[in-house]
Amino acid sequence: MGDYMDYSQALEYLYQFELYGIKLGLDNIRQLLNLLGNPEKQLKFVHIAGTNGKGSVSCYLANILECAGYKTGLYTSPHLSFFEERIRINRVSISPDELVKQVEKIKAILDNSPELTPTFFEVTTALSLRYFADKSVDYVVLEVGLGGRLDATNVVIPELSVITNIDYDHMQQLGTSLADIAYEKAGIIKPGIPVITGASGTALEVIRKTAQEKNSLLWVYPDDFCTEQISKGEFNYSSKNLTLSSIKTTMLGRHQVENAALAIRSAAELLNLFRYESSVPLVDNSPITTMMSGNSQSSDIVSPLNKLIMAIYQGIEQMRWPGRLEVVKNNPIVLLDGAHNEAGAKVLYQSLKNDFQYKKLILVVGLTEGKERESLLKILIPLADKVVLTAAHHRRAVQPEYLQSFVASLEKPVQIANDTQNAVEYALNMASSEDLVCITGSLYIVGEVRPIFCSESKDLFNAGKN
């Protein structure tokens, strides 16, 4: 490969680490970061875990922090279309040249440390932290990869921990009960570091117990802060200290209002909004109240508090998260959603019932190994009039023939497509202008399909940015 890599060689080098699969544990990442100069010790973090919604909450929060004037790093996974999406500063993905530079640093270290055999996720996590430190970002919003306690991201000491919700997913690695899964995700809670969560039931009990043991303040949605949906894409937010009216989001689904609320509460904690109303943060009994919405805010109010509140409105409204309940075509409607587990399928089911009007539903599904295939299909297939099964070009893709008999047992017409391009063609040929084509099952499927309808620009997240 020589002493100098080009972009394609850098990616090839990174992807070779996929051969090591998933290894939960912190030894590799600690050694690797130590050899990289411990960049994690130079950064401020918000650490975000959860079953679903953690990517959306991360993106909402990163937007708010950027709009508040902070240079904000964002690390998420997996990517949709391009590797660089995983590593962003102020909504701009790492450049190919910067990626090559960071990969060369990693390679030089690993070439001299043959005893280290890190996974793909460990390498990309270390690479991103070194990049963020090199660029001197103010905050890093860091999304957990899998679980929390033994995830490679759990080497950081954050300013704030966030756990979105907890449901059944990755049970082979995290355990078969909600209590077991919650225990793993609650592993990101650090002593004395505040925690914000949208979890409920058994999972919340585990998180609450962990927070008490770690002497960490805990805020729970919707008990300590809540939302009221006014209309599709508009909601009010309220907590003891802060009331915001008519916040707008372009993201579809009731769950996105909850995700936005978690981000708002996180931003209020990080930015310490309450210092403007009281010398003792978080205990002032008179709440900050605003009736602001969008561009209707008064331009003559320029207090620091008002600027931070403006950042919340702007950050939420400008958030884009491709491949999640994303409409990429009308007449017929084509909807992309990476609902890859049972909880995600439930959210998609509710959105298909409540957010769209259509005559017939054509469902295009492709799944990956290691998921609860039958539970996901049982939720979505009954809604469909026709089903197209396909597979992404990925080593973990489930071949559609393995799903065919199960879908047929649900008494739905089913067709097999040997790749995603053919699957889209079949579905569009079946659909009238009044129908809806929903493409789902995994982000790998969505990532392959999206370029058929959208520009292949690597700048997927800047829509609405001023």
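Anything mentioned here points back to the structure above.
Residues numbered from 1 in each chain as written. Predicted model: local features only at pLDDT ≥ 70, side-chain atom pairs only at ≥ 80, totals over all residues. Heavy atoms only, no water.

A. Quick look at the sheet that holds strand β15 (residues 361–365). What the six strands build is an open sheet, ordered β13-β14-β18-β15-β16-β17; its pairing is mixed. Of all strands in the sheet, those with a lone pairing partner are β13 (326–329) and β17 (414–416), marking the two edges. Sheet twist, expressed as the average angle between the axes of neighbouring strands with direction ignored, equals 25 degrees. As paired elements, β15 and strand β16 (residues 386–389) share four bridges and run parallel to each other. Bridge assignment links I362 to a residue of β16, and that residue is K386. (Pairing = 2+ DSSP bridges. Helix = DSSP H or I, 4+ residues; strand = E, 2+ residues; numbered from the N terminus. Axes fitted to C-alpha atoms, helices over the stretch in contact; angles between N-to-C directions.)

B. Layout of the packing of helix α4 (residues 96–111) against helix α5 (residues 120–134). Put simply, α4 and α5 touch, their axes get as near as 10 Å, and they point 120 degrees apart. Looking at the two axes, α4 sits oblique to α5. In this structure, α4 crosses over α5, and the sense of that crossing is right-handed. Along its contact with α4, which presents E98, L99, Q102, V103, K105, I106 and L110, the element α5 presents V123, A126, L127, R130, Y131 and D134. Residue classes in the contact of α4 with α5 are distributed as eight nonpolar, one polar and four charged. (Parallel < 35°, antiparallel > 145°, perpendicular 65-115°, else oblique. Left-handed = near helix turned anticlockwise from the far one by under 90°. Contact = heavy atoms within 4.5 Å. Nonpolar A, V, L, I, M, F, W, Y, C, P; charged D, E, K, R; others polar.)

C. A look at the pairing of β13. Across three bridges, β13 lies against strand β14 (residues 333–337) in antiparallel orientation. Paired with K329 across the two strands is V334, which belongs to β14. Connecting β13 to the next strand, β14, in antiparallel fashion are three residues, including N331 with a positive phi near 55 degrees.

D. Quick peek at unusual backbone geometry. Look at the link from S77 to P78: it is a cis peptide, with omega at -10 degrees. Turning to its location among the elements, P78 is positioned in the loop between β2 (72–75) and β3 (87–89). Omega for the peptide link from N331 to P332 comes to 0 degrees, which places this bond in the cis form. In this structure, P332 sits in the loop between β13 and β14. If you check the backbone angles, R91 has positive phi at about 70 degrees while not being a glycine. Inspection of the secondary structure puts R91 in the loop between β3 and β4 (92–93). Relative accessible area serves as the criterion here: at 7%, R91 is assigned to the buried category. For L325, which is not a glycine, the phi torsion comes out positive at approximately 45 degrees. (Buried < 20%, exposed > 50% of the residue type's maximum accessible area, 1.4 Å probe, protein only.)

E. Summary view of the sheet that holds strand β5 (residues 139–143). One open sheet holds the eight strands; their spatial order is β4-β3-β2-β5-β1-β6-β7-β8, and the pairing between them is mixed. Edge positions in the sheet fall to β4 and β8 (218–220), since each of these pairs with one other strand and no more. Across the face of the sheet, helix α8 (residues 201–213) comes into contact with β6 (160–163), β7 (195–197) and β8 while running at roughly 160 degrees to β8.

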